[in-house]
Structure formats: C-alpha cells, structure tokens
Amino acid sequence: MHDVPAVDVHLIRRLWTYISPYRLLAALSLVLLAGVNTVQLAQPYLLKYAIDESIAVSRLDGLAYPAMLFLFVVFMEFFLRFGQLYTMEIVGQNVIYDLRCAIFSRLLTLDAEFHNKNPVGRLMTRVTSDVEALQEALTSGLVLILADLAKILGIIAILLWLDLHLAAATLAVIPPMLAVSWYFRRRMRATYRQVRKIVARLNTFLQEQVSGIRLVQAFCREREIEARFAKLNEEHRDAEERGVVFDSAFSAVAELLGTLTLAWILWVGGRRILGDGITFGTLVAFVGYAQRFFEPVQQLSQRYAVMQSAMASTERLFDLLDTHPRIVSPVNAMEPARLRGEIIFENVTFGYAADQPVLRNVSFRIAPGEKIAIVGWTGSGKSTVIRLLVRLYDVQGGRILLDGIDLRDFDLMHLRRSIGVVVQDHFLFSGTIATNVSLDHPKIDARRVTRALDAVGMSRRIAALPEGIDSAVAERGGNFSVGEKQLLSFARALAFESDVMVLDEATASIDTGSEAALQHAIETALGDRTSIIIAHRLAAIRQVDRILVFHHGMLTEQGTHSELIKIKDGLYRALHDLQTEGGRP
Ligand SMILES: Nc1ncnc2c1ncn2[C@@H]1O[C@H](COP(=O)(O)OP(=O)(O)OP(=O)(O)O)[C@@H](O)[C@H]1O
Ligand SMILES: [Mg+2]
C-alpha cells in the first residue's frame, strides 16, 4: 500500500462540494472553536493575575475579580466546547448522509460486469467503514489540526511575551518531544495497517462461512473451519499486540517527558524568581501553558494518522463515484408505447471475458407472439442469451433488435420494463410475499398480486397461511422451498405484465403433478405475448412453436419438436432419447 498524503488538496476540494450545503453551520463551528481556544488560553493568565496582583501582595479584596472571571471563563469553555462539538458533528452526519446516498445509488446503477468483479464484502466496506473514516476526518481531523496549530502558536506567543528566557527553556523540549512521538506513531501506523488487512480477511472469512453454515454442518467441516478461523484470529491478536507495545510505550514516554519538562520549567523558573527575573505568578502561568501545550503537540501526529487513513478512504469513495456504468440509455432513447415483441439476433457474438466468446455468431428471429424454447447442455449459453436481451451486458459483435430497434437505442428502463424475466438463480428479498411479487411497485396492488399468484397456482396455498399474502419472507427466501421460490419469481414476472416474457428454468424444481397444472397456467398466462422458455426438461416445452438448440455457444438446430426429432445424430434427438430412456415421457 502506498503512503497517502494526509492532506490532498484535490480530494478536499471535491469533498467541499458535499460540505458546502452546510457551510454556515461549519463556519459557526469554527468560530466556536476559536472561542474555545481563546478562553482556554485566558485561564493560566488569570491565575498569574490573581497571584501577582492579590495573593503575593496580600491584597484579599482584589481576588474576587479574577476569581469570578476565572469561573466565567471555565463555564464559557464548557458551553463553547459543547456548541462546537455539536455543530461539527451535525455537519459531519449530514455530509455522511449525502455521501452514503450518493454511493448507494451509484452501486444500484453499476452494471453486472462491475458487480461480478467486486465482492459484496468490499462494497459493504465502502458504504460503512470508509464513510465512517471520512466522518472522523471531518469532525476530528483537519479542523482540529488547524485549531491545534493555532493553539500551539498562540501559546508560544504568550510564553515569549511573558518571559523570553523561560520561554526559550520551555520550547527547547519541543524538538525531542516531536521526534519521540513521530517515531512511535510511525511504528504504530505500520502495525495498524497490518491489523486492518487482517480484519478485512477475518470479515470475509466470517461472512462466507456463516452464509454457508448449512453446508459446513452438512459436511461436518466445523473443526477445520474453526481451526482456520483460530489461525486468522491469532494473526489478528499478534498484530494487535505488536501495536500495543508501541502504544503503551508511547503513553508512558509521553507522560515521562511531560513530567520532566515540568520539573525543568520549575528548575529554570524557580531560579528566575529567586534572581527577580519573573514573578511567581508568571511561573504558575508557564506551568499552566506548558500543560496545555504538550497535548496538541503529541496529538498532532495522531491526528495526522487519522487524516491519512481518511484520505485513503476518501480516495476509494471517489473512485467508486467516478466509476460510471457502461450500460446506459442513449441520448435520444426510444420508448415505443407498446411492443409487438419481434426479437432478432443478428450475428451476435459475446463473451464475459473479451477473448473467450460464449456466444458465437448467433442469428435467429422470433416473430411477434411466437413462443420459442431454448435447449442445450449446461453452459451452452442459454442464460447468456437472456442476459443480453435485457441488456445486462452489451453484445461484442452483431446486434439485437426488438421491434426493429437496436437494444442500445432503447431507453434502458423502458426496455427492461418491457421484458418480464424469471431468472434462473431466483432471489427473494426479506419482506412479505406481496412485496416480493410487487417489489413495492406502486401500480401493483394486492389484487394484481393475487391474480399473479393465482396464475401460477399458488393462491390457494397462500390463502391458507394465517397472514395470506402478507406472510413474512425470510432473508433470501429461507422459509420457502426451491420450487415455491420459483413459483413466486414467476408470479412476480407475471404481475409486471410485460410485453415479452422470458422464463429461465422457471419450472425446473416443480414436481411433475404441479408442473402439468403449471404448464396450463403458463400457456394462459403468457397469452399471445412473445415468450422465450429455457428448460432442461423437454416435457416442459411441449407447447412451444419452435425450439432453438444451442451447443457451445452456437445455434445448431431449430424447428418444432417433430422436425428436430427426425434429425439423425442431432443434439435435440440425443437429449430427447436420454430423457425418455429413463421411462419418463
Ligand atoms: N458472469 C460470468 N462471468 C464469466 N463467465 C460466465 C459468467 N456467466 C456465465 N459464464 C460462462 O458462460 C458460459 C455460458 O453460461 P450460461 O449461463 O449462458 O449457460 P447456460 O446454458 O444457461 O447453462 P445452464 O444450463 O447450466 O443454466 C458458461 O461456460 C459459463 O461458465
Ligand atoms: Mg442457465
């Protein structure tokens, strides 16, 4: 990992666009911060005043005035500090809110290719901990560094003004103090970086194993997984321990240096008093300022580290915000009101990796209202055809036309709304049955949901549930069988009433009895819509008008069932023979 600068002007300027809506509040916070510094710096001076003007000269009547002032200043510090922290935090939270929304909406628009490449864990880190690191920088980083610097300079000025000689003696300890604190911080930073890396690995491991817990248990892998976890956990502890050595040493050394400096000030200052160089009050003020002085000096390096990691996070966040989806609507997008549903693939070539084509020179035409089936071995490219049709990916060669219009000329949302899909790796969200069918689309009401569930033959089963269509669906549909999940996905596609329907293995996990009923339902549900049905079980595609056979990404045969069955050495015939041999029709 390269060393990131703690202050990157370019990044901060971009960050400013997010802060500027709250600039008045931020400015108020800065003013309050200046106030905090001022009242803090007034305190030792008030002590000096009280000592020199009344205590040392035994004038008790003069003590009330500085005492009241001191009390006032202390309370002022309390209120100012509260206001400062509060306003700064409010600004920070609002900026974080805006940034999180921006990042999430970007994640929603990024295309399949991006999401294939970026593991969920990494993206989660962006939206959560990277954003938090940034917030830390906003509320306790840059501004406090500036405030600390101002305070340090202020104290130096006051010390010089109080007494040049003693100031020189006090300031002489700064260089060694800085050197020590930089040395320790640097060592600590290296170990913390190591710790963060291990934590990331720990998280990824944990997430994956807990998600796959059923598999882990079914295969009795608990012991091995436990051991692997223990090992990662051990690495984490060891790395933390290495950091702890420096951390503890640093605190102890800082304390030691502070005390030594105090003794040094008393030593030099005491001799100055005896030689009538300064008053006793001045010495007390020096001690007070020195204590307020070392804290920011020691913290500077820590704040620098906070800024450094925040800048790294900011960079990653903006990288994400700078990633634009490749698949977008064109400028003059077409939005034909109603589609006839003619689909043409023209010499389509496509591969997920550029040099490994998955579809090769595929051409076919589907007439409006035609029902076609796609069959072929596993991995032959059937689902890929569908992903191209809804433009999850763009073709690399040739083109795809819908109603004579290139898909790339369509409005993307309109295109996807026009094609209803039941994808092969069906997915349910946590929520209710109704929300899973309607996906909270305002136009899809309970009636439409029920009608769709009816069409796939699920309504009676669901009506029997105590809460009907409002019954809960667990994360990823954990409380439903695979077949039920398929039926719900199918109902979802029907509820959206699209012009073209695409079913990818929509009935693969449904028992033969229900399937027969479902076949009928599909036929009525699809109506006169153009439909593409992908199925491994040839029995499921009896009713289609035409069958396309894919082999190694090429369209090798097409025709009706009775035409294809006649092709000797044909792939369809081979598939058919394999499925009927077992006795099944
Ligand atoms: N996201 C992806 N990245 C890289 N390669 C992929 C991706 N998705 C699919 N492939 C590859 O593309 C080829 C075709 O996949 P596709 O999903 O279209 O097959 P399929 O015909 O639908 O198979 P199945 O019958 O098993 O569903 C396969 O070799 C697969 O490994
Ligand atoms: Mg598939």
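The shown structure was predicted, so the numbers you read here are calculated from the model rather than taken from an experiment.

Asks: What am I meant to see in the overall build of the chain here?
Replies: Within the chain one finds 20 helices and twelve strands. A compact globule built from 585 residues would reach a C-alpha radius of gyration of about 25 Å, whereas the chain, at 36 Å, exceeds it by more than 25%. In terms of overall dimensions, the chain has C-alpha extents of about 120 × 50 × 50 Å along its principal axes. Residue burial in the chain is summarised as follows: out of 585 residues, 45% are buried. The contacts of the chain with a sequence gap of at least 6 include a subset with a gap of at least 24, amounting to 76%. Summed over all atoms, the accessible surface of the chain reaches about 31,200 Å², with 60% contributed by carbon and sulfur. In the chain, 62 positive and 63 negative side-chain charges are present, and the distance between their average locations comes to 2 Å.

Asks: Which parts of the structure should I look at to understand the sheet that holds strand 5 (residues 405-406)?
Replies: Strands pair in a sheet through their backbones, by hydrogen bonds, and they do so in one of two ways: parallel or antiparallel. With respect to topology, four strands assemble into an open sheet ordered 2-1-4-5, the strand pairing being antiparallel. Single-partner strands in this sheet number two, and they are strand 2 (359-366) and strand 5. Looking at chain direction, strand 1 (residues 343-350) and strand 4 (residues 397-402) are connected through five bridges and run antiparallel. Bridge assignment links Ile344 to a residue of strand 4, and that residue is Leu401. Here helix 12 (residues 382-389) sits on the sheet and contacts strand 1, strand 2 and strand 4; the angle it forms with strand 1, its principal contact strand, is near 110°.

Asks: What's the story with the site of ligand 1 in this structure? I'm lost.
Replies: Near ligand 1, the surroundings consist of 15 residues, among which Gly379, Lys382, Ser383, Thr384 and Gln424 are the closest. Gly379 has a polar backbone atom sitting 2.8 Å from an oxygen atom of ligand 1. One nitrogen or oxygen atom from the side chain of Thr384 is found 2.4 Å from an oxygen atom belonging to ligand 1. For ligand 1, the accessible surface in isolation is 630 Å², of which the surrounding protein chains cover 64%. Here the element with the most residues in the shell around ligand 1 is helix 12; it accounts for four residues. Tallied by class, residues from the shell around ligand 1 come to four nonpolar, nine polar and two charged.

Asks: I would appreciate a short explanation of the side chain of Ser54 in the present structure.
Replies: Of note, Ser54 is situated in helix 2 (residues 23-55). Within the local environment of Ser54, its side chain forms a polar contact with the backbone oxygen of Ala50, the two atoms lying 2.8 Å apart. Excluding its chain neighbours within four sequence positions, the residues that come into contact with Ser54 are Tyr49, Arg59, Gly62 and Leu63.

Asks: Hey, could you run me through the coordination of the magnesium ion (ligand 2) in this one?
Replies: For a metal with four donors in a tetrahedral arrangement, the ideal angle between donors is 109.5 degrees, while six donors in an octahedron ideally sit at 90 or 180 degrees. All of the protein donors around the magnesium ion (ligand 2) are Ser383 (OG) and Gln424 (OE1); their distances to the metal are 1.9 to 2.1 Å. Remark: Gln424 occurs in the loop between strand 6 (419-422) and strand 7 (431-432) and Ser383 occurs in helix 12; sequence separation between them is 41 residues. The exposure class of Gln424 is partly exposed, given its relative accessible area of 35%.

Asks: How should I be thinking about the sheet that holds strand 6 in this particular structure?
Replies: If you trace the six strands from one edge of the open sheet to the other, you get 6-9-10-3-11-12, paired in mixed fashion. Strands at the two margins of the open sheet, each flanked by one partner only, are strand 6 and strand 12 (554-559). Adjacent strand axes in the sheet meet at a mean angle of 20° when their direction is disregarded. In the sheet, strand 3 (residues 371-376) pairs with strand 11 (residues 546-551) via five bridges, with the strands oriented parallel.

Asks: Any chance you could explain the environment of Glu224 here in plain terms?
Replies: Here Glu224 shows up in helix 10 (residues 222-274). Overall, Glu224 belongs to the partly exposed group, its relative accessible area being 37%. Sequence separation between Glu224 and Ile55 is 169 residues; the distance between their C-alpha atoms is 74 Å.

Asks: Looking at this structure, I do not really get the packing of helix 8 (residues 174-211) against helix 11 (residues 280-322). What am I missing?
Replies: The axes of two packed helices give the description: the angle between them and the distance between them. In contact at an axis separation of 10 Å, helix 8 and helix 11 are set at 30° when each is read in the N-to-C sense. Relative to helix 11, the element helix 8 lies roughly parallel. When you trace helix 8 past helix 11, the crossing you get is right-handed. Along the contact surface, helix 8 presents Ile174, Met177, Leu178, Ser181, Trp182, Arg185, Arg189 and Arg196, while helix 11 presents Phe293, Phe294, Val297, Gln298, Ser301, Gln302, Tyr304, Ala305, Gln308 and Ser309.

Asks: Got a minute to help me understand the packing of aromatic side chains in this structure?
Replies: The description of two aromatic rings rests on the distance between their centres and on the angle between their planes. The full count for this structure, using the stated rule, is 13 aromatic pairs. Here the aromatic rings of Tyr45 and Trp161 are separated by 5.7 Å at their centres, their planes lie at 35°, and the arrangement is tilted. A residue pair is termed long-range when its members are at least 10 positions apart, and Tyr45 in helix 2 and Trp161 in helix 6 (residues 142-162) qualify at 116 residues. On the accessibility criterion, Trp161 (59% relative accessible area) is exposed. When the ring of Tyr49 is compared with that of Tyr65, the centres are 6.3 Å apart and the planes differ by 80°; the resulting orientation is edge-to-face. Taken together, the residues Tyr49 in helix 2 and Tyr65 in helix 3 (residues 64-109) connect sequence positions 16 residues apart. A network of ring pairs unites the aromatic residues Tyr183, Phe184 and Phe250 as a single cluster. A cation over an aromatic ring shows up here: Arg14 above the ring of Phe318, its NZ or CZ 4.2 Å from the ring centre.

Asks: Please explain the domain arrangement of the chain as it appears in this structure.
Replies: Accessible area lost when the parts come together is the quantity often used to give the size of an interface. Segmenting the chain into domains produces domain 1 (1-163 + 317-326), domain 2 (164-277) and domain 3 (343-581). Between the C-alpha centres of domain 1 and domain 3 there is a distance of 55 Å.

Asks: So what exactly am I meant to see when it comes to the environment of Leu202 here?
Replies: Within the fold, Leu202 resides in helix 8. With a relative accessible area of 13%, Leu202 lands in the buried category. Once the C-alpha coordinates of Leu202 and Glu235 are considered, the two residues, 33 residues apart in sequence, prove to be 9.7 Å apart. Other than its neighbours up to four places away in sequence, Leu202 contacts Phe229, Leu232 and Asn233.

Asks: How should helix 12 be read in this particular structure?
Replies: It helps to recall that an α-helix has 3.6 residues per turn; residues three or four apart then point in one direction. Counting buried residues along helix 12, seven of its eight residues qualify, which places the element largely inside the surrounding structure. One or two residues past the end of helix 12 sits Arg391, with phi positive at roughly 55°.

Calculation notes
- Residues numbered from 1 in each chain as written.
- Chains lettered and ligands numbered in written order.
- Predicted model: local features only at pLDDT ≥ 70, side-chain atom pairs only at ≥ 80, totals over all residues.
- Heavy atoms only, no water.
- Helix = DSSP H or I, 4+ residues; strand = E, 2+ residues; numbered from the N terminus.
- Rg over C-alpha atoms; globule rule 2.2 N^0.38 Å.
- Buried < 20%, exposed > 50% of the residue type's maximum accessible area, 1.4 Å probe, protein only.
- Contact = heavy atoms within 4.5 Å.
- Areas by Shrake-Rupley, 256 points an atom, 1.4 Å probe, with all protein chains shown as cover.
- Lys, Arg positive; Asp, Glu negative; His and termini not counted.
- Charge placed at Lys NZ, Arg CZ, Asp CG, Glu CD.
- Pairing = 2+ DSSP bridges.
- Axes fitted to C-alpha atoms, helices over the stretch in contact; angles between N-to-C directions.
- Near = heavy atom within 4 Å.
- Polar contact = N/O pair within 3.5 Å; in protein donor to acceptor, adjacent residues only side chain to side chain.
- Nonpolar A, V, L, I, M, F, W, Y, C, P; charged D, E, K, R; others polar.
- Donors = N, O, S within 2.8 Å, 3.2 Å for Na, K, Ca; no water.
- Parallel < 35°, antiparallel > 145°, perpendicular 65-115°, else oblique.
- Left-handed = near helix turned anticlockwise from the far one by under 90°.
- Phe/Tyr/Trp six-rings, centres within 6.5 Å; stacked < 30°, edge-to-face > 60°.
- Lys NZ or Arg CZ within 6 Å of the ring centre and 35° of its normal.
- Domains from an automatic or database assignment.

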